[in-house]
Number of protein chains: 2
Amino acid sequence: MKEAKLLFVGRLMKEAELEVKLAEEKRPKAGAESRAGGVQVELQGSELWRRFHDIGTEMIITKAGRRMFPSVRVKVKGLEPLQQYYIAIDVVPVDSKRYRYVYHSSQWMVAGNTDHSCITPRLYIHPDSPCSGETWMRQIVSFDRVKLTNNEMDDKGHIQSLPAEGVQTFSFQETEFTTVTAYQNQQITKLKIDRNPFAKGFRDPGRNSSSFHLEDPLESQDFLNPTYVKDPSGNARP
Amino acid sequence: MKEAKLLFVGRLMKEAELEVKLAEEKRPKAGAESRAGGVQVELQGSELWRRFHDIGTEMIITKAGRRMFPSVRVKVKGLEPLQQYYIAIDVVPVDSKRYRYVYHSSQWMVAGNTDHSCITPRLYIHPDSPCSGETWMRQIVSFDRVKLTNNEMDDKGHIQSLPAEGVQTFSFQETEFTTVTAYQNQQITKLKIDRNPFAKGFRDPGRNSSSFHLEDPLESQDFLNPTYVKDPSGNARP
DNA sequence: CTATTGGCACCTAGGTGTTAAATT
DNA sequence: AATTTAACACCTAGGTGCCAATAG
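Since the structure is predicted, the reported quantities are computational estimates derived from the model, not experimental observations. (Residues numbered from 1 in each chain as written. Chains lettered and ligands numbered in written order. Predicted model: local features only at pLDDT ≥ 70, side-chain atom pairs only at ≥ 80, totals over all residues. Heavy atoms only, no water.)

Q: Explain the overall build of chain A to me, please; I cannot follow it from the model alone.
A: Summing up its helical and strand segments, chain A has four helices and 16 strands in all. For chain A, the proportion of its 238 residues judged to be buried stands at 45%. If you take every contact in chain A between residues at least 6 apart in sequence, the share linking residues at least 24 apart comes to 81%. (Helix = DSSP H or I, 4+ residues; strand = E, 2+ residues; numbered from the N terminus. Buried < 20%, exposed > 50% of the residue type's maximum accessible area, 1.4 Å probe, protein only. Contact = heavy atoms within 4.5 Å.)

Structure below.
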């Protein structure tokens with residue numbers, strides 16, 4: 001089975017940012033003219049990403065690999081329908097500092113340096129790659145299977161590099177995050193529990209909180225929960 | 001998410017057979033010389049397939065799509081490491097008859113004809129395709145996500161055709177099966193329940209039956225069941 | 001009558017934050 | 001003291017055959 005993992009080295013490393021990369025396959029001529037075609041990459045669920053970002057997004061990393069929440073989903077426009085493309089995401093360190101969370105002030109403080117030079121860049125290529133522009137544009141491109149890990153031995157689903165030419169990079173401020181092995185800011189924990197369906201078991205049954213903030217049905221899929229349409233009696237037929 | 005479904009039209013249609021197809025991508029010259037390279041495709045779990053075949057394999061088809069059990073897994077040898085290949089499976093009708101199961105004699109009897117001419121051939125391309133010979137040979141190629149359906153509108157994961165040249169076909173007698181909407185032969189039901197981990201709920205708790213016949217650990221993965229290692233008390237921590 | 005469908009209980013498989021213990 | 005790990009209860013998601021109901 002294909003499994004997607006993104007290596008992420010370092011401990012409390014503040015400010016990693018996600019980049020979506022797009023590469024044309026066997027590009028006939030590398031030149032600026034076809035790049036000027038106006039490819040657009042639009043982050044889906046950006047409202048939720050922004051809510052996390054306003055608090056200070058944290059992503060858990062484990063040895064076995066942990067998914068990101070929210071996950072990266074993009075809509076791509078302006079591709080040439082018949083051209084084949086690779087799409088990938090990358091995690092880029094924003095600085096070389098190490099950070100520590102200071103609880104009483106609810107802030108991240110610089111706590112040293114990290115040597116990023118030893119980190120080999122690891123791209124996660126979308127498993128549908130390569131694929132025609134037409135197919136990529138027809139659907140939302142989802143990286144929800146990607147996992148972050150601090151296990152340096154694990155390089156599943158990665159490649160070393162993309163072609164030097166014909167690669168366009170799109171980055172999104174709101175996907176900036178800090179990697180942690182345990183959540184530091186309780187507001188982050190709360191928002192994750194509220195929005196990630198897999199954390200439903202930790203939701204406060206008293207408050208109906210933000211369950212109705214369905215800004216992005218792709219991220220909050222409660223409306224698909226069969227509990228809401230099933231016969232509440234739970235009786236089997238006679 | 002990619003989902004694999006194989007259309008299978010007709011009702012009790014006896015004797016479909018699985019074929020594994022292998023196609024070279026952008027083959028420089030179509031000729032017999034490179035085909036003579038001695039590619040081998042070996043069916044994994046053939047012992048279990050044979051046990052079903054001896055009884056008369058039945059596969060359930062549903063509108064939503066049903067997986068095959070056993071699933072098709074092959075080991076491929078003799079590919080050119082750097083050449084790119086597609087690998088696919090196909091379901092091929094063995095005859096044009098329709099069959100009916102006669103319970104008292106435990107046999108399938110001819111019960112009419114089926115017009116196969118209206119059935120468009122539907123190949124299921126392995127999702128890893130295209131892939132280098134080296135990569136294909138390094139691991140077992142598994143089609144366990146393939147689903148059989150009788151919904152003619154559903155053609156997910158299929159293509160119309162492969163290139164006319166440079167395609168090799170490998171077929172396996174023991175993968176012959178009859179499609180049904182409900183199992184006819186109770187021996188088949190029993191063997192499915194015994195060997196398919198997802199049917200464990202129907203196993204007879206009294207007999208330990210064939211749970212120890214682990215000829216093929218890939219098909220019978222009971223040894224991974226956490227039930228056997230978990231604390232049986234089921235107590236939570238204080 | 002036979003063949004098919006849909007709901008179901010019971011599984012596998014694996015994604016959550018929590019917690020206590022281990023590590024540094 | 002801060003960080004990381006591992007086991008866990010509780011979820012989502014979906015693969016089984018069974019059985020009653022429906023379709024043909």
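Q: Just checking my understanding: could you explain the sheet that holds strand β6 (residues 73-77) of chain A for this structure?
A: Adjacent strands of a sheet pair through backbone hydrogen bonds, lying either parallel or antiparallel. Residues and elements named next belong to chain A. Across the sheet, which stays open at both edges, the three strands sit in the order β3-β6-β12 with antiparallel pairing between neighbours. The sheet terminates laterally at β3 (40-43) and β12 (141-142), the two strands that pair on one side only. The pairing of β6 with β12 spans two bridges and is classified as antiparallel. Note on β12: the bridge partner recorded for Arg73 is Ser142. (Pairing = 2+ DSSP bridges.)

Q: Sorry if this is basic, but what is going on with the packing of aromatic side chains here?
A: The way to describe two aromatic rings as a pair is by their centre distance and the angle between their planes. Per the counting criterion, the structure on display carries eight aromatic pairs over all chains. Measuring from centroid to centroid gives 6.0 Å for Tyr124 of chain B and Phe143 of chain B, while their planes differ by 75 degrees, and the two rings are edge-to-face. Here Phe143 of chain B lies in the loop between β12 (141-142) and β13 (147-149) and Tyr124 of chain B lies in strand β10 (residues 123-125), a separation of 19 residues in the sequence. On the accessibility criterion, Phe143 of chain B (1% relative accessible area) is buried. Ring pairing ties together the aromatic residues Tyr101, Tyr103 and Trp108 of chain A, which thus form one cluster. Note that Lys192 of chain A overlies the ring of Phe52 of chain A, its terminal NZ or CZ placed 5.5 Å from the centroid. (Phe/Tyr/Trp six-rings, centres within 6.5 Å; stacked < 30°, edge-to-face > 60°. Lys NZ or Arg CZ within 6 Å of the ring centre and 35° of its normal.)

Q: What am I meant to see in the state of the cysteines here?
A: Should the sulfur atoms of two cysteines be covalently bonded, the bond is a disulfide. According to the stated counting rule, one finds zero disulfides over all chains in the structure shown. In this model Cys131 of chain A remains outside any disulfide bridge; the closest cysteine sulfur is found in Cys131 of chain B, 15 Å from its own. (Disulfide = S-S within 2.5 Å.)

Q: Sorry if this is basic, but what is going on with the packing of helix α2 (residues 46-55) of chain B against helix α4 (residues 186-195) of chain B here?
A: The relative placement of two packed helices is expressed as an angle between their axes plus a distance between the axes. All names here are of chain B. Two elements in contact, α2 and α4, have axes whose closest approach is 9 Å; the angle formed by their N-to-C orientations is 165 degrees. Classified by the angle their axes make, α2 and α4 are roughly antiparallel. Crossing geometry of α2 relative to α4 is assigned as right-handed. Contacts between α2 and α4 pair Leu48, Arg51, Phe52 and Ile55 from the former with Gln187, Ile188, Leu191, Lys192 and Arg195 from the latter. (Axes fitted to C-alpha atoms, helices over the stretch in contact; angles between N-to-C directions. Parallel < 35°, antiparallel > 145°, perpendicular 65-115°, else oblique. Left-handed = near helix turned anticlockwise from the far one by under 90°.)

Q: Even after reading the chapter, I still don't get unusual backbone geometry, so can you show me in this structure?
A: With glycine set apart, most residues show a phi of negative sign, and most peptide bonds adopt trans. With an omega dihedral of 0 degrees, the bond running from Phe69 of chain A to Pro70 of chain A counts as a cis peptide bond. Mapped onto the elements, Pro70 of chain A comes out in the loop between β5 (66-67) and β6. Cis rather than trans, the peptide bond between Ser129 of chain B and Pro130 of chain B has omega equal to -10 degrees. In this structure, Pro130 of chain B sits in the loop between β10 and β11 (131-132). Positive phi values are uncommon outside glycine, yet Ser106 of chain A reaches one of about 50 degrees. Following the sequence through the fold, Ser106 of chain A ends up in the loop between β8 (97-102) and β9 (107-113). You can call Ser106 of chain A partly exposed: its relative accessible area is 41%.

Q: Sorry, what's going on with the sheet that holds strand β3 (residues 40-43) of chain B here?
A: Residues and elements named next belong to chain B. Pairing in this open sheet of three strands is antiparallel, and the strands run β3-β6-β12 from one edge to the other. Only two strands of the sheet have a single partner each, and these edge strands are β3 and β12. The pairing of β3 with strand β6 (residues 73-77) spans four bridges and is antiparallel. Residue pairing across strands places Leu43 opposite Val74, the latter belonging to β6.

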